[in-house]
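Chain by chain, the residues run as shown.
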Amino acid sequence: MSESREWFVQWLRDAHAMEEQAETMLNGQLSRIENYPELSSRIRQHLEETVQQAARLKTCLDRIGQGPSRLKDAGGKLTAMAQSMSGIFAGDEVMKGSLASYTFEHMEIASYTILIAAARSLGETEIARVCEQNLREEIAMADWLKDHLPSTAERFLARADTESESAKR
């Protein structure tokens, strides 16, 4: 296998682990959001997309005779669990979670942008198509979060003045 193809496989495995991490992170957020139904609903939708994204990437890896990295997948899940647990102690958990989610979406956007260029360069048009689909979903989630950060912050602050403990969730 050429070195460029080895890097490509590595990046696909990284993306799969990234989606495994996202799934764990989203599940953690979803389990604790109680007072932000619109945010909760959108996270639930993106969680379903995330599961499908990971499955699509696994199919791509299987198609080229490779598989996901169990070590990377486990590392991503452990990192997400630690991130999720740290949110429990934040007085502004919903805001910290929104910030982390928005940041994570941009990491995913960058990853898929790189993968699309690499796939095209290596003639992997089907993998490029899959990554383009995943990219569209990540951009949509990042845009949704960006558009809703102000209203989430306003709602948090209004709740903080009257219901301080429940405001964070």
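Residues numbered from 1 in each chain as written. Predicted model: local features only at pLDDT ≥ 70, side-chain atom pairs only at ≥ 80, totals over all residues. Heavy atoms only, no water.

Visitor: I'd like to hear about the overall build of the chain, residue by residue, with values.
Guide: Helices and strands together make up the secondary structure of the chain, namely six helices and zero strands. Secondary structure elements of the chain, listed N to C terminal, follow the sequence α-α-α-α-α-α. Burial status across the chain gives 46% buried among its 169 residues. In the form shown here, the chain has an accessible surface area of approximately 8700 Å², with 56% of it arising from carbon and sulfur atoms. (Helix = DSSP H or I, 4+ residues; strand = E, 2+ residues; numbered from the N terminus. Buried < 20%, exposed > 50% of the residue type's maximum accessible area, 1.4 Å probe, protein only. Areas by Shrake-Rupley, 256 points an atom, 1.4 Å probe, with all protein chains shown as cover.)

Visitor: I'd like to hear about the packing of aromatic side chains, residue by residue, with values.
Guide: Counted under the stated rule, the structure contains one aromatic pair. Relative to Trp11, the ring of Trp7 has its centre 6.4 Å away and its plane inclined at 35°; by these criteria the two rings are tilted. Here Trp7 and its partner Trp11 are both found in helix α1 (residues 3-32), four residues apart, which amounts to about one turn of the helix. By relative accessible area, which is 33% here, Trp11 ends up partly exposed. In this structure, Arg155 is placed above the aromatic ring of Tyr36, and the distance from its NZ or CZ to the ring centre is 5.3 Å. (Phe/Tyr/Trp six-rings, centres within 6.5 Å; stacked < 30°, edge-to-face > 60°. Lys NZ or Arg CZ within 6 Å of the ring centre and 35° of its normal.)

Visitor: Lay out the nonpolar core with the relevant residues and their values.
Guide: One finds Phe8, Leu12, Tyr112, Leu115, Ile127 and Cys131 to be the most contacted residues of the largest nonpolar core, which totals 23 residues. Every element with two or more residues in this core is listed here: α1, α2 (37-63), α4 (93-121) and α5 (125-162). Residues in contact with Cys131, not counting those within four places in the same chain, are Leu57, Tyr112, Leu115 and Ile116. (Core = buried A, V, L, I, M, F, W, Y, C linked by side-chain atoms within 4.5 Å. Contact = heavy atoms within 4.5 Å.)

Visitor: Could you give me a rundown of the packing of α1 against α4, with the residues and numbers involved?
Guide: The interhelical angle for the contact between α1 and α4, taken along N-to-C directions, is 160°, at an axis separation of 11 Å. Of the possible angle classes, the one that applies to α1 and α4 is roughly antiparallel. The crossing of α1 and α4 is left-handed. Along the lines of polarity and charge, the residues of the contact of α1 with α4 split into 14 nonpolar, six polar and four charged. (Axes fitted to C-alpha atoms, helices over the stretch in contact; angles between N-to-C directions. Parallel < 35°, antiparallel > 145°, perpendicular 65-115°, else oblique. Left-handed = near helix turned anticlockwise from the far one by under 90°. Nonpolar A, V, L, I, M, F, W, Y, C, P; charged D, E, K, R; others polar.)

Visitor: How would you summarise the packing of α2 against α5 if you had to cite specific residues and measurements?
Guide: The interhelical angle for the contact between α2 and α5, taken along N-to-C directions, is 165°, at an axis separation of 10 Å. Classified by the angle their axes make, α2 and α5 are roughly antiparallel. The handedness of the crossing between α2 and α5 is left-handed. Tallied by class, the residues present in the contact of α2 with α5 amount to 12 nonpolar, five polar and nine charged.

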